[in-house]
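# Coordinate analysis (summary)
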Amino acid sequence: MVNTGMQLISFTCAVTGWIMAIAVTALPQWKVSAFIGSNILTSEIKWEGIWMNCIYQTTGHMQCKTYDSMLALPPDIQAARALMCLAIFMGWLSCTVSCCGMKCTTCAGDDRRAKAGIALSGGVLFIVTGLCVLIPISWTANTVVHDFYNPNVPTMHKRELGQAIYLGWASAVILMISGAVLSSTCPLLERSGRYHRGYIGRSFANSPALAPDPLKPITSNSVPLKEYV
């Protein structure tokens, strides 16, 4: 029951992290305009994502435009597109595999060894999904920080970390931790296919009969036998 509860909790958290990764992929707030210099008052805020860039005005209006050419994008944006799409697919695959390997489902019948292997595979896939989310998020964050402190970059082109970066870090951590917990709910004995409970008994049904030990004569050492009468 304890392992079943841990599986349900870790699976729910992993699905939550996967949904967060989908939201990170769609959000344009990967890079936001930096308010530096003497003039900190501005009437618009620029957002840059991996699919589009948006301009949000203080009046409440927002205009978004998708990127015209994929080959003209920076390498970090191109890698982020590929890895985030891969993470979404891996997350779907992880959810499917984990559902088949959980103890509360009827997949794989009563074969505990098969279900433990499937659950372990689902946990590993969730960890890989978290890594696919962590790599583009960290790469983009490193690029933003490097350009921000680069004196050769004009002030109007400097950006800061957006909300999608922090959400992506949280999603990656949740996915990896949930995958590790889901993998650890498979006991070692179930993984190896051996189930030893209590002591190991021995069957005497087919064992040869042993001859009884010969009786040894009672000998008296120095005490006479009459003293015991």
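Calculation notes
- Residues numbered from 1 in each chain as written.
- Predicted model: local features only at pLDDT ≥ 70, side-chain atom pairs only at ≥ 80, totals over all residues.
- Heavy atoms only, no water.
- Axes fitted to C-alpha atoms, helices over the stretch in contact; angles between N-to-C directions.
- Helix = DSSP H or I, 4+ residues; strand = E, 2+ residues; numbered from the N terminus.
- Parallel < 35°, antiparallel > 145°, perpendicular 65-115°, else oblique.
- Left-handed = near helix turned anticlockwise from the far one by under 90°.
- Nonpolar A, V, L, I, M, F, W, Y, C, P; charged D, E, K, R; others polar.
- Phe/Tyr/Trp six-rings, centres within 6.5 Å; stacked < 30°, edge-to-face > 60°.
- Buried < 20%, exposed > 50% of the residue type's maximum accessible area, 1.4 Å probe, protein only.
- Lys NZ or Arg CZ within 6 Å of the ring centre and 35° of its normal.

## Regarding the packing of helix 2 (residues 75-101) against helix 3 (residues 112-148)
- Where helix 2 contacts helix 3, the axes come no closer than 8 Å and their chain directions differ by 160 degrees. Our classification of the angle between helix 2 and helix 3 gives roughly antiparallel. In this structure, helix 2 meets helix 3 at a crossing whose hand is left-handed.
- The class makeup of the residues in the contact of helix 2 with helix 3 is 22 nonpolar, 10 polar and 2 charged.

## Regarding the packing of aromatic side chains
- All chains considered together, the criterion is met by 4 aromatic pairs.
- Ring geometry for Trp47 and Tyr56: centres 5.6 Å apart, planes at 5 degrees, overall stacked.
- Residue Trp47 is classed as buried on the basis of its relative accessible area, which comes to 16%.
- In this structure Tyr56 comes out as partly exposed when scored by relative accessible area, which is 31%.
- Over the aromatic face of Phe148 sits the side chain of Lys158, whose NZ or CZ is 5.9 Å from the ring centroid.

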